[in-house]
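Chain and residue survey
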Amino acid sequence: MLEKQQYAPMFRALNQNNQLVSLTDYAGEKNLVLYFYPKDDTPGCTIEANQFTQLADEFAQLDTVIIGISKDSCESHSEFIKKYALKVELLADTQGDMCENYAVWREREKEGVKSMAIFRSTFIVDKHGVLAEVIYGVTPEGHAQEILEKIKNLGKSAAAEEVTEAAADETTAEAQ
């Protein structure tokens, strides 16, 4: 499993428009919310996508891009976005490379049958490519709001660190 303060695993995948998207596209520019979900147009996944869509403008004001990832095809993602007028980007991890690299492809048991599936999880990647938050086992309802608060605090903690660093630099300069 991944942990906070690690570098986010590199990724390259096609989005709903068949355009290649990678982690480096956002380096130094945007924070990312990568949320992994089991399947397009299912109840929990629809709740999660709709709630991220409702808050999309607030995330954008915080220099944050929302990206959903599942093993569905680009075509499935495109239909899902159109059906619900979603304002999130969706990546098609059809081969499961991202799921493996982010440790979300897991065995589950449902009605006594064991199978492999995406373990609903969210990762906040800061502008430097570092995992600021790692959340495995997400509940869809209210999750987007929870992540928005974490993004707001991400900005505050970064600003606090800059102030602390500036004060330390001043103290060092005064001591010399």
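The structure contained in this document is the topic of the report that follows. Because the structure is a prediction, the values reported are computed rather than measured.

1. Describing unusual backbone geometry
Of note in the backbone geometry, Asn18 takes a positive phi value of approximately 60 degrees without being a glycine. The residue Ala103 is not glycine, and still its phi comes out positive at about 60 degrees. By the element assignment, Ala103 lies in the loop between α4 (97-101) and β6 (105-110).

2. Let's talk about the environment of Leu2
Structurally, Leu2 is set in the segment before β1 (12-15). Assessed through its relative accessible area of 13%, Leu2 is described here as buried. Leu2 sits 102 residues away from Val104 along the chain, and the two C-alpha atoms are 9.6 Å apart. The contacts of Leu2, once residues within four sequence positions are left out, are Pro9, Asn101, Tyr102, Phe123, Leu131, Val134 and Tyr136.

3. Examining the pattern of salt bridges
A complete count under the given rule lists eight salt bridges for this structure. A salt bridge links Glu133 to Lys150; the shortest N-O distance between them is 3.9 Å. Taken together, the residues Glu133 in strand β9 (residues 131-136) and Lys150 in helix α5 (residues 143-175) connect sequence positions 17 residues apart. Assessed through its relative accessible area of 18%, Glu133 is described here as buried. Three or more residues are tied together by salt bridges with common partners; here these are Lys4, Glu133 and Lys150.

Conventions used here
- Residues numbered from 1 in each chain as written.
- Predicted model: local features only at pLDDT ≥ 70, side-chain atom pairs only at ≥ 80, totals over all residues.
- Heavy atoms only, no water.
- Helix = DSSP H or I, 4+ residues; strand = E, 2+ residues; numbered from the N terminus.
- Buried < 20%, exposed > 50% of the residue type's maximum accessible area, 1.4 Å probe, protein only.
- Contact = heavy atoms within 4.5 Å.
- Salt bridge = Lys/Arg side-chain N within 4 Å of Asp/Glu carboxyl O.

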